[in-house]
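Coordinate inspection notes
What follows is each chain in one-letter form.
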Amino acid sequence: MVIYCVFYKYNFVHKKSIMEENNNFDIIEEEVNEEYSNDDLFNITSFGTDPSVRELVMQYQDGDIEKPELQRKYVWTKKIASRFIESLLLGLPVPSIFLANTVSGKRLIIDGYQRIRTLYDYIEEGIWHGDESVFRLSDSDIINKRWRNKTFKELTDIDKRRLRTYAIHAIVFEQKKPSNDSGMFQIFERINTSGMVLKDQEVRNCVYQGKYNSMLFELNKNEKWRKLFADEKENPRMLDLEFILRFFAMNKPSVYNSTDKHIILKKLLNDEMGENKNNSTYVQACYNEFNQAIDFIYDKIGDEAFFNLQKDLTILRKRFYPTIYDALMIATSIALKRGYQIKDGEKLADKRMSLLKDEIFRESITQGTMQVQHIHTRIDKTLEYIYGMHL
């Protein structure tokens, strides 16, 4: 048990709180901490299997198991990778990997990519993925001197065999129905709370592979969006992608006019991706709608459009604010669909500043933000102040 925990320390060294990671946008805690469960979990099947390292390397090479198209890149250091290989050579237990069956017959790597890629690079390629150099185990005291600084080819025949035949436990999941993988998200979210460091959107990226997912990545490169988001670098944890998804999921009368009292944001986002993951017509419409709204907001309101006011209501806090973003994006999209045209001399940025000082609007963006009444109110207020319309 002690050895197992030590490996986890190496495996998940990048874990930080969500507040530590995001200096360019505000987090609304009640949205982040929201959880849910439903009957889709009853339609998940799982089983265990114990493939050898040789089998995993061959399956990865042949494409039978694969990293989701746009999942996180390889992030392990040489010392972490070397320590992992040494653990196998010593015959020590290591954590299970998690895979998901797909309709194509392949298996997606949900957790375990760093380990599988390390083994493939060391045994098959002989090249360290970090810098394309020859893959030698770390020349450090943390590695047993028997294997220190050695390539796979330089290991003894006994050690090569021990490494190739080591069995790594794998847990394989498959959702029988519905086809949108809604239960699969909950499975991997629960795995995440037990030690994995994947954020919600990283899990969606694994579970909901398809045209919709690819569209989010393409939209995330929009230069005007990057400036409005207040960070020209793409977020390594895909939190910017989640905000794009948030716009599509909430930009529906069934959400802001719902008879429900409260929206579970996490479920709403999951359903949005799962139900539309390969709907080409819908994906193209979303793509166009996002770009049109972003272009208009950036050009007519400015790159501070998604910022909020400080408590004194005089100075902008130069951080992306989620509920101002969703209200302004949805209101702008509605206004453009209704044929809105800006008048000569009209200053929408000034109108937005007046909106930010409205007491009712401020309550709707800061308290009970997923209550339907508050969602409706902040969109309606934005339409009223900036575009002279109502929902």
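Look up a bit, the structure's there.
Conventions used here
- Residues numbered from 1 in each chain as written.
- Predicted model: local features only at pLDDT ≥ 70, side-chain atom pairs only at ≥ 80, totals over all residues.
- Heavy atoms only, no water.
- Helix = DSSP H or I, 4+ residues; strand = E, 2+ residues; numbered from the N terminus.
- Buried < 20%, exposed > 50% of the residue type's maximum accessible area, 1.4 Å probe, protein only.
- Contact = heavy atoms within 4.5 Å.
- Areas by Shrake-Rupley, 256 points an atom, 1.4 Å probe, with all protein chains shown as cover.
- Core = buried A, V, L, I, M, F, W, Y, C linked by side-chain atoms within 4.5 Å.
- Polar contact = N/O pair within 3.5 Å; in protein donor to acceptor, adjacent residues only side chain to side chain.
- Pairing = 2+ DSSP bridges.
- Axes fitted to C-alpha atoms, helices over the stretch in contact; angles between N-to-C directions.
- Parallel < 35°, antiparallel > 145°, perpendicular 65-115°, else oblique.
- Left-handed = near helix turned anticlockwise from the far one by under 90°.
- Nonpolar A, V, L, I, M, F, W, Y, C, P; charged D, E, K, R; others polar.
- Phe/Tyr/Trp six-rings, centres within 6.5 Å; stacked < 30°, edge-to-face > 60°.

Considering the overall build of the protein chain
Helix and strand content of the protein chain: 19 helices and 9 strands. Considering the protein chain as a whole, with its 391 residues, one finds that 53% of them fall into the buried category. Across the protein chain, contacts joining residues at least 24 apart in sequence account for 73% of those joining residues at least 6 apart. Put simply, the protein chain shows about 18400 Å² of open surface, and 49% of that area lies on carbon and sulfur atoms.

Looking at helix α10 (residues 211-219)
Those residues of α10 lying buried are Tyr 212, Asn 213, Met 215, Leu 216, Phe 217 and Leu 219. Among the structural elements, α9 (200-207), α11 (223-228), α12 (239-250), α14 (265-276) and α15 (280-300) are those in contact with the buried residues of α10.

A word on unusual backbone geometry
In this structure, Glu 132 takes a positive phi of about 65° despite not being glycine. Note that Glu 132 resides in the loop between β5 (127-128) and β6 (133-134). For Glu 132, a relative accessible area of 55% corresponds to the exposed category. Even without glycine at this site, Asn 149 takes up a positive phi of about 65°. By the secondary structure assignment, Asn 149 is in the loop between β6 and α7 (157-165).

Points about the nonpolar core
The biggest cluster of nonpolar side chains holds 65 residues, and the ones touching the most others in it are Trp 225, Phe 248, Phe 290, Phe 306 and Tyr 387. Considering each element in turn, this core owes the most residues, 9 residues, to helix α16 (residues 322-337). Each residue touching Phe 248, except ones within four places of it in the same chain, is listed here: Tyr 212, Met 215, Leu 216, Leu 219, Glu 272, Tyr 282, Cys 286 and Phe 290.

Brief notes about the side chain of Asp 159
Mapped onto the elements, Asp 159 comes out in helix α7. Side chain to side chain, Asp 159 and Arg 162 meet in a polar contact 2.5 Å long. Not counting chain neighbours up to four residues away, the residues in contact with Asp 159 comprise Leu 89, Arg 146 and Trp 147.

Section: the sheet that holds strand β1 (residues 44-49)
Spatially, the 5 strands line up as an open sheet ordered β1-β7-β3-β4-β2, and their pairing is mixed. This sheet does not close on itself; its edge strands, each paired only once, are β1 and β2 (65-66). Judged from the 4 bridges that link them, strand β3 (residues 97-101) and strand β7 (residues 170-175) form a sheet pairing that is parallel. From the neighbouring strand, Leu 99 faces β7, where its bridge partner is Val 172.

Let's talk about the packing of α10 against α15
Across the interface, α10 lies against α15 with an axial gap of 10 Å and an inter-helix angle of 15°. Between α10 and α15, the crossing angle belongs to the class labelled roughly parallel. Read as a crossing pair, α10 and α15 show a hand that is right-handed. Contacts from Lys 211, Tyr 212, Met 215, Glu 218 and Leu 219 of α10 reach α15 at Ser 280, Tyr 282, Val 283, Cys 286, Tyr 287, Phe 290 and Asn 291. Looking at the contact of α10 with α15 residue by residue, the class counts come to 8 nonpolar, 2 polar and 2 charged.

Thoughts on the pairing of β3
Among the 5 residues in β3, 4 count as buried, and that is most of the element. Where β3 lies against strand β4 (residues 107-111), 4 bridges are found, and the strand directions are antiparallel. Looking across to β4, one finds that Phe 98 is bridged to Asp 111. Remark: 5 residues form the turn of the hairpin made by β3 and β4, two consecutive strands paired antiparallel; Gly 105 in that turn has positive phi of roughly 95°.

Let's talk about the packing of aromatic side chains
Between two aromatic rings, the relevant description is the distance of the centres plus the angle of the planes. Enumeration according to the criterion identifies 25 aromatic pairs in this entry. Geometrically, the ring pair formed by Phe 296 and Tyr 340 is edge-to-face, given 6.1 Å between the ring centres and 80° between the ring planes. With a gap of 44 residues between them, Phe 296 in helix α15 and Tyr 340 in the loop between α16 and α17 (348-356) connect regions that are remote in the sequence. Taken as a pair, Phe 296 and Tyr 340 share a single burial class, namely buried. Through successive ring pairs, a cluster of aromatic residues spans Tyr 212, Trp 225, Phe 229, Phe 243, Phe 247, Phe 248, Tyr 282, Phe 290, Phe 306, Phe 320 and Tyr 325.

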